[in-house]
Amino acid sequence: RVWAVGRPQGTHVVVAALAAGSLALAWAEADAVELRELDGSGWALDELTVAAGEAPDGCAVQATPAGVRLLGADDRLAATWTAPDGMRLAAASVCGMHVVAAAGRTLYCVVVRGAALECVAQRQMAADVSCVDAHMWDTEGAAHVAVGLWDGGVALLALPTLQPACELPPLLPPKASDARAGLPRSLLLCTLGTTRFLLAGMGDGRLHHVALAGDATHPRAAEHKSVVLGARPLSLARFDNGGTPGVFVGGDHPTVVYAAATARLMYAAVDAANITCVAAIASSALCLVSPGELWFGRPDRAQRLHVRTCALPPWSEPVRLACGPAQMAVATVRGDAGGQEESRVALRDAQSADELGAVALGAHETATSVRYVGRLDGLPHEVFAAGTAVVQPGDDDARSGRVLLLRWDAQARAVVVVAELLAAGAVYDVREFRGMLLVAAGGRLLLLRWQPRD
């Protein structure tokens, strides 16, 4: 699974659950997209993440099998909550100040109160819980949680009391041939067009949608339909495309669900296969997960998501990536049998992903940061900035590094090194600051201004 959590100053943290832990990536989007891996923060990266989301006052919530963690606006751990008797959490969902967590058959509603977590309600379900989704319908606070059970049942409960909100129709036929394959694997409460829906993605690739009539506080089940969208379990995620809400359905045949002008639900296929789950980031961006890969893309106005893949040589390991309006920079490392490494920074076309050219780095030199910085004061061209580190054999840390300014010269059809600066230590980060270049090198911050030579 993957989640995108909004943080202060307009940034996001993309949290992905891995086989033996979690991965946290910081996403920032200004003139270009910046993506870097987080470590040393309050996120529990050595534990499996079962849910993550935003909380009031700039806080964030991460739920792991060990319990619920509350992180402050600075991403430091502020509070924790664990289930009674050491029960392990199997599913959870974050909705504002409410965190709904499930351990076995027991459902808990945990509320964020300032810098603390408090369990305000719990409920025993008829079977073990397979999936949950909590959602707030309006600004007045009407919120519900949909709960899927391993016996095939689905319940809709009110928050924060966890009391039944309405009776739902059975999603499994009375004599299902493979009942276990058709169990609910992902639930989603959403509004498409003017209708509120409960969507259920099943293990056999079938998507059920139940229209909820009545007001937000007292819903009732109305029309129930289903459609087959594949043969594997489905995962559901909300996203917004230019003000139009939609639902991304991950599976072996990924699909975007949205409401047409006639209020009918429409299904648009995605031109990428085996997308297991997605998370919506800012500005309609989506993070998509396929086996062993994280992808990022944007849906177009036709509600179709276009993903272009670019195969790197098998010996080339990408270590840094930066995107600009016309090109993107990819830093790679190549290892050989003698233990030596060759590093390079290549510029690729932003639309086709074709390689335009590359700059080879020196011996024992690797790229530690790459960023699109645009047009610095005094520079006539837009450039990428790359920071490097030189670690000599026998040393544990870098004693030197370089700052490189790179641009694509379309007339010469080559990558040009515009400027180069030696640094005393590894260049860990570079970024544009008021028309200048801010550099973190070794234990110092450097502010560099471009000065053309006579």
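Within every chain, residues take consecutive numbers counted from 1 along the sequence as written. The predicted nature of this model means local features are confined to residues of pLDDT at least 70 and side-chain atom pairs, given and counted, to a pLDDT of 80 or more, with totals for whole chains, interfaces and linings taken over all residues. In computing side-chain properties, one takes all heavy atoms of the structure into account and sets aside hydrogens as well as water.

**Observations concerning the sheet that holds strand β8 (residues 77–81)**
Okay, so step 1: Note: two strands are recorded as paired if DSSP finds a minimum of 2 bridges between them. For the purposes of this entry, the term helix denotes a DSSP run of H or I that reaches at least four residues, the term strand denotes a run of E that reaches at least two, and both are numbered from the N terminus. If you trace the four strands from one edge of the open sheet to the other, you get β5-β6-β7-β8, paired in antiparallel fashion. Each end of this open sheet is capped by a strand with a single partner; those strands are β5 (51–54) and β8. Adjacent strand axes in the sheet meet at a mean angle of 15 degrees when their direction is disregarded. To obtain an axis, a line is fitted to C-alpha atoms, over the contacting stretch when the element is a helix, and the angle between two such axes runs from 0 to 180 degrees between their N-to-C directions.

**Observations regarding the packing of aromatic side chains**
Okay, so step 1: Each pair of aromatic rings taken from Phe, Tyr and Trp, with Trp reduced to its six-membered ring, is defined by centres within 6.5 Å and is described as stacked if the planes are under 30 degrees apart, edge-to-face if over 60, and tilted in the remaining cases. One pass over the structure, following the stated rule, counts two aromatic pairs.
Okay, so step 2: Ring geometry for Tyr372 against Phe384: centres 5.3 Å apart, planes inclined by 65 degrees, an arrangement best described as edge-to-face. Here the residue Tyr372 occupies a position in strand β32 (residues 365–374), and Phe384 occupies one in strand β33 (residues 383–390), the gap between them amounting to 12 residues.
Okay, so step 3: Criterion for a charge above a ring: Lys NZ or Arg CZ within 6 Å of the ring centre, and within 35 degrees of the ring normal. Here Arg196 stacks its cationic end above the ring of Trp137, 5.8 Å away from the centre of that ring.

**Regarding the pairing of β8**
Okay, so step 1: Bridge count for strand β7 (residues 67–71) against β8 is four bridges, and the pairing is antiparallel. The residue bridging Val68 from the neighbouring strand is Trp81, located in β8.
Okay, so step 2: The turn linking β7 back onto β8 is made up of five residues, and Asp75 within it adopts a positive phi angle of 65 degrees.

**Observations concerning the pattern of salt bridges**
Close approach of charged atoms allows side chains with opposite charge to pair.
Okay, so step 1: Any carboxyl oxygen of Asp or Glu that lies within 4 Å of a side-chain nitrogen of Lys or Arg is treated as forming a salt bridge with it. Summed over the entire model, instances satisfying the criterion amount to 14 salt bridges.
Okay, so step 2: A salt bridge links Arg76 to Asp74; the shortest N-O distance between them is 3.9 Å. Neither residue differs from the other here; Arg76 and Asp74 are each classed as exposed.
Okay, so step 3: A salt bridge links Asp429 to Arg431; the nearest nitrogen and oxygen atoms lie 3.5 Å apart.
Okay, so step 4: Classification of residues uses two cut-offs on accessible area relative to the type maximum, computed with a 1.4 Å probe and protein chains only: under 20% is buried, over 50% is exposed, and between them is partly exposed. Overall, Arg431 belongs to the partly exposed group, its relative accessible area being 32%.
Okay, so step 5: Three or more residues joined by partner-sharing salt bridges are found here, namely Arg344, Arg348 and Glu355.

**Considerations on the pairing of strand β37 (residues 436–441)**
Okay, so step 1: Bridging between strand β36 (residues 427–433) and β37 involves six bridges; their strand directions are antiparallel. Paired with Val427 across the strands is Ala441, a residue of β37.
Okay, so step 2: Where β36 hands over to β37, the hairpin turn is made up of two residues, of which Arg434 adopts a positive phi near 55 degrees.
Okay, so step 3: Here β37 pairs with strand β38 (residues 444–448) via five bridges, running antiparallel. For Ala440, the partnering residue across the bridge sits in β38 and is Leu445.

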